[in-house]
Amino acid sequence: MKKQILANKQFYVAMYLRLSKEDEDKDGISKTESNSIRNQRELIRTFIRENEDMELYDCYLDDGFSGSHYDRPEFQRMIKDIEAGKVNCVIVKDLSRFGRDYIETGRYLERIFPALGVRFIALTDSYDSLFSDVGEQSIVLPVKNFINDSYCRDISMKVKSQLAVKRRAGEYVGAFALYGYRKDPKNKSQLVPDAYAAQMVRKIFAWKIEGLAVSAIANKLNEFGVLSPKEYKKSLGENYRGGFFRDTKARWGSTAVKRILTEETYLGHLLQGKTEKKNYKLKKSEKKPKEDWIRVEHTHEPIISEEDFQIVQNLLGVDGRSSPENGEVNPFMGILFCGDCGEQMIRRVTRYKDNKKMYYICSTKNRGEGCSRHSIEEKKLKELIEVAIHSYVNHFLEQQDFFEQARGQGTNVEAIMSYNQEILRLKKEQEKYDGLCSGLYEDLKQGILTKEEFERLKKEFEQKAEDLMVAQEKQKQLIKEMLTSGVLSASRLHLFQKSRELQEIDRYTLVSLVKRIYLYEEKRIEIEFYFQDQYRIMQDFYERAEKSKQEREV
């Protein structure tokens, strides 16, 4: 910095004004009037008029900026004018208008301004650097700056606490509503669906379920001229400033699409408090671990069903790496895998004269990295899958009818649990590890194991036993839910019933019922269905009930 004007008789004044939300009194009494921009300006103008050696050079106004930092546009402009020698006096209403950071405020007032020959005046604090004595500079001024800094810290803590209370109460505290929603005009803390944007969110989920890759969805939205979330907010007249987009006009990208496809808010739940500022003086926020987010369920109307959301999460785990060829959707995208190496099967098309043939091969083999082709024609695969789905659905619904009859007759949880083979298996497995853990003490005592081996194996066995206990509890909870709410939701039950009648299984039905398909050599397939846990529970109950019935008849 250049050292400029020192003790001139004529002072060229920078009038600095600042106002922010922190200027609301802690007790709820508004200080807006006393700290208002108008009040600050008039107070300083009156002072300048009363001093003949002062001339206003410019007014610098930061409205809506916190005093906890100095990265304010008008403050920085003022500093540049001071360094250029255009200003040699700064006047503020009080020290808190200048800033609330104890260390930075002291640096400006005790080092930078004196070095530049700048006079500093805080009117209501009765401070003028030209006439202040050593005691005032070394004691009074630092104390006042420290008080202002403490006030800012206190306000920051109170605001954080208040926002946390609102989040836990299920109130939305974001500045802007998530794409797909808008703030209720009657209650700004409540989200309500935005008809147009909600429709686009549903389409994005539907396209993903159809088999489109995330990048293909983004391209499709841009081709149709659909406004990106940022541009849509701007079109509604919202003063939205997002740092994510850099283009003049923000377009849809893979990141924006994936963000929508993984957003649980569309289920009607609020997940807030995802970031936090480690220090009230820092502008940058840091991401918090997911377990520290504040989650409140059923706070607003959902846009996407739980079932469709889970299907999409499963598909995203193995998202297609390329767009569909020639606009044709691969019906098995994201759910067909090689049974030996576990990699996705890829679709190939061969053409001979007017005939087109589609088949699938192992992607590992296709890359020349081993495995075998596991080749199967798409037509043949569809036939095998359709037979398997019809068989699964028919058996599932038969078991469900029997289960619902027993449920209607008041069958209790304990009866079903006693029949459940999975709980019995898990319990037996747990007891095995409990026994192994007990045997370790004897092995340690006899010198078969070292202390280090004992500790390692004990920790390992205890963890496995605990995992098995958790699995048992999940199984028991599922049984309770089936008895309380039924086996399937109304929408899923309708899907099962409808699929019975379909001659050809469509993509939506396929991915709604099938999680994964594994293809082995000789065209052998294994299918991992959704709701398999419910199916096994009903099957165990049915088989045990039939066995009991036969025993009674004998």
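These numbers were taken from a predicted model, which means no experiment stands behind them. (Residues numbered from 1 in each chain as written. Predicted model: local features only at pLDDT ≥ 70, side-chain atom pairs only at ≥ 80, totals over all residues. Heavy atoms only, no water.)

Caption draft 1: Here's a closer look at the overall build of the chain. Scanning the chain from N- to C-terminus turns up 19 helices and 17 strands. By sequence separation, contacts in the chain at least 24 residues apart represent 67% of the contacts at least 6 residues apart. Taken as a whole, the chain presents about 31,200 Å² of accessible surface, with 49% of it coming from carbon and sulfur. (Helix = DSSP H or I, 4+ residues; strand = E, 2+ residues; numbered from the N terminus. Contact = heavy atoms within 4.5 Å. Areas by Shrake-Rupley, 256 points an atom, 1.4 Å probe, with all protein chains shown as cover.)

Caption draft 2: Representation of the pairing of strand E14 (residues 355-362). By the bridge criterion, eight bridges tie strand E13 (residues 345-352) to E14 in an arrangement that is antiparallel. Each residue of the ladder has a partner; that of isoleucine 346, found in E14, is isoleucine 361. Of the strand pairs in this sheet, E14 and strand E15 (residues 376-377) are connected by two bridges, and their pairing is antiparallel. Along E15, the bridge assignment pairs tyrosine 360 with isoleucine 376. (Pairing = 2+ DSSP bridges.)

Caption draft 3: Structural context of the packing of helix H15 (residues 421-445) against helix H16 (residues 451-485). Two elements in contact, H15 and H16, have axes separated by 9 Å at closest approach and are oriented at 165°. In terms of orientation, H15 and H16 fall into the roughly antiparallel class. In this structure, H15 crosses over H16, and the sense of that crossing is left-handed. Its residues assigned to classes, the contact of H15 with H16 comprises 16 nonpolar, three polar and nine charged. (Axes fitted to C-alpha atoms, helices over the stretch in contact; angles between N-to-C directions. Parallel < 35°, antiparallel > 145°, perpendicular 65-115°, else oblique. Left-handed = near helix turned anticlockwise from the far one by under 90°. Nonpolar A, V, L, I, M, F, W, Y, C, P; charged D, E, K, R; others polar.)

Caption draft 4: Representation of the pairing of strand E6 (residues 181-184) in the model. The pairing of E6 with strand E7 (residues 187-193) spans four bridges and is antiparallel. Among the inter-strand pairings, aspartate 184 is bridged to a residue of E7, identified as asparagine 187. Hairpin connection from E6 to E7: two residues lie between these consecutive antiparallel strands.

Caption draft 5: Fine view of helix H19 (residues 532-553). Taking 1.5 Å per residue as the helical rise, H19 with its 22 residues ought to reach 32 Å, and the 31 Å between its terminal C-alpha atoms agrees with that figure. Buried within H19 are the following residues: Gln532, Gln534, Tyr535, Ile537, Met538, Asp540, Phe541, Ala545 and Ser548. Where the residues of H19 are buried, they touch helix H13 (378-408), helix H14 (413-419), H15, H16 and strand E17 (525-529). (Expected span 1.5 Å × (residues − 1). Buried < 20%, exposed > 50% of the residue type's maximum accessible area, 1.4 Å probe, protein only.)

Caption draft 6: Local environment of the environment of lysine 93. Take lysine 93: it is sitting in the loop between strand E3 (89-92) and helix H4 (95-98). Note: C-alpha distance between lysine 93 and threonine 124 (31 residues apart in sequence) is 6.0 Å. One polar contact links lysine 93 to aspartate 94, side chain to side chain, over a distance of 3.0 Å. (Polar contact = N/O pair within 3.5 Å; in protein donor to acceptor, adjacent residues only side chain to side chain.)

Caption draft 7: Up close: the nonpolar core. Counting residues in each nonpolar core, the largest one holds 83 residues, and the members touching the most others are Tyr179 and Trp252. At nine residues, H13 tops the list of elements feeding residues into this core. Contacts of tyrosine 179, omitting those with residues within four sequence positions, involve Tyr196, Ala197, Met200, Val201, Val226, Leu227, Pro229, Tyr232, Lys233, Trp252, Ile260 and Tyr266. In this structure, Tyr16, Ile82, Leu95 and Phe120 belong to the second largest nonpolar core, which totals 22 residues. (Core = buried A, V, L, I, M, F, W, Y, C linked by side-chain atoms within 4.5 Å.)

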